[in-house]
Amino acid sequence: MFLPPAGTPMGEIIVHEDGLALDDPTLVEGLPGIGLVGKIATDHLVDAFEMEHYASIYCDGIPSVGVYHAGDATVQAPVRLYADAERDLLALQSDVPVSAESADNFANCVVGWMARNDVRPIFLSGRPSREQGAPLEVEPQGAPGVRGIATGEAAALLDEAGIEAPPESGAVSGPTGALLHDTAREGIDGVGLVVESDPNFPDPLAARALLEVGVGPIADVDVSVGVLADRAAEIRKQKQQLAKQMQEATSEESSQAQPLRMYQ
């Protein structure tokens, strides 16, 4: 049973909700990266399920800034966990990128906490087009293609969801890559979902594909994603500043999947 006491630091993760019980929950990670696909997807989960602010993450690598949101005077940590006890679901919501220099320490902190609490992670990453100007990989129905990788024994989850492995060798960089690395090292059952997305602008349609094709079936949740298409232009505008920041960041700071030849 997953029920830590209120205000207890677990590494550098401080839990606020002592009355919320989760049993082997699934965590959806939403660090900023290519197309902001992970952030858009997790932001949507938090809003759609009205998830509770469960914990604050103060691991190394997170900028020391106080975040506030429209209509709310409360200062919050820039990286937070939200929870839905009914669905046994956690969402990692981030308003800032994690520094490249501290990505390893950040991953050690988060993955250690997941291991102690029997959390099954789903990591989200965008993959830019193979060539400048090349069309995005799409499924027959027109949605961006989603591919999956796994740690521990989680490959079976991809098979059950009908998600294929990537067609070429590659590597996930940035903080999400560090999280995947440590998850594999610890033998935790985890899934990495990769979607081809726009490298220059926020991509709500790619985020919708991640939720519809991957997160929904694997986490066993039913989330409406129509709004991500209906409000695509509005969402792009809202996220544009962070997308520009991530575009200017190095590959180590911006989580993304890339062909392995870039590291050879």
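Here we summarise the structure given alongside this text.

Conventions adopted
Residues numbered from 1 in each chain as written. Predicted model: local features only at pLDDT ≥ 70, side-chain atom pairs only at ≥ 80, totals over all residues. Heavy atoms only, no water. Helix = DSSP H or I, 4+ residues; strand = E, 2+ residues; numbered from the N terminus. Contact = heavy atoms within 4.5 Å. Core = buried A, V, L, I, M, F, W, Y, C linked by side-chain atoms within 4.5 Å. Buried < 20%, exposed > 50% of the residue type's maximum accessible area, 1.4 Å probe, protein only. Phe/Tyr/Trp six-rings, centres within 6.5 Å; stacked < 30°, edge-to-face > 60°. Lys NZ or Arg CZ within 6 Å of the ring centre and 35° of its normal. Pairing = 2+ DSSP bridges.

Turning to the overall build of the protein, a few remarks are in order. Within the protein one finds seven helices and 13 strands. Considering only residue pairs separated by 6 or more positions, the protein has 74% of its internal contacts joining residues 24 or more positions apart.

This next bit is on the nonpolar core. Counting residues in hydrophobic clusters, the biggest one holds 34 residues, and the most contacted among them are Leu-45, Met-51, Leu-124, Leu-193, Leu-211, Val-215 and Ile-218. For this core, the elements supplying multiple residues, two or more each, are helix H1 (37-48), strand E8 (89-94), strand E9 (120-127), helix H3 (155-161), strand E12 (190-196) and helix H5 (204-219). If one sorts the elements of this core by residue count, H5 sits on top with eight residues. Setting aside anything within four residues of it in sequence, one finds Leu-45 in contact with Val-28, Glu-50, Met-51, Leu-211, Val-215 and Val-223. Judged by nonpolar contacts, the second largest core, of 32 residues, contains Leu-31, Ala-107, Ala-178 and Ile-188.

Turning our eyes to something else, we now look at the packing of aromatic side chains. The tally for this structure, following the rule as stated, stands at zero aromatic pairs. Above the face of the Phe-49 ring, Arg-87 is positioned so that its terminal group lies 3.8 Å from the ring centre.

With that out of the way, let us pick up the pairing of strand E3 (residues 26-30). Remember that side chains alternate between the two faces of the sheet whenever the strand is regular. By the criterion of burial, E3 is predominantly enclosed, with five of the five residues buried. Here E3 shows two buried faces, one formed by Thr-26, Val-28 and Gly-30 and the other by Leu-27 and Glu-29. Pairing geometry for E3 and E8, over five bridges, is parallel. Paired with Leu-27 across the strands is Leu-90, a residue of E8. The pairing of E3 with E9 spans three bridges and is parallel. Within E9, the position partnered with Val-28 by the bridge is Ile-122.

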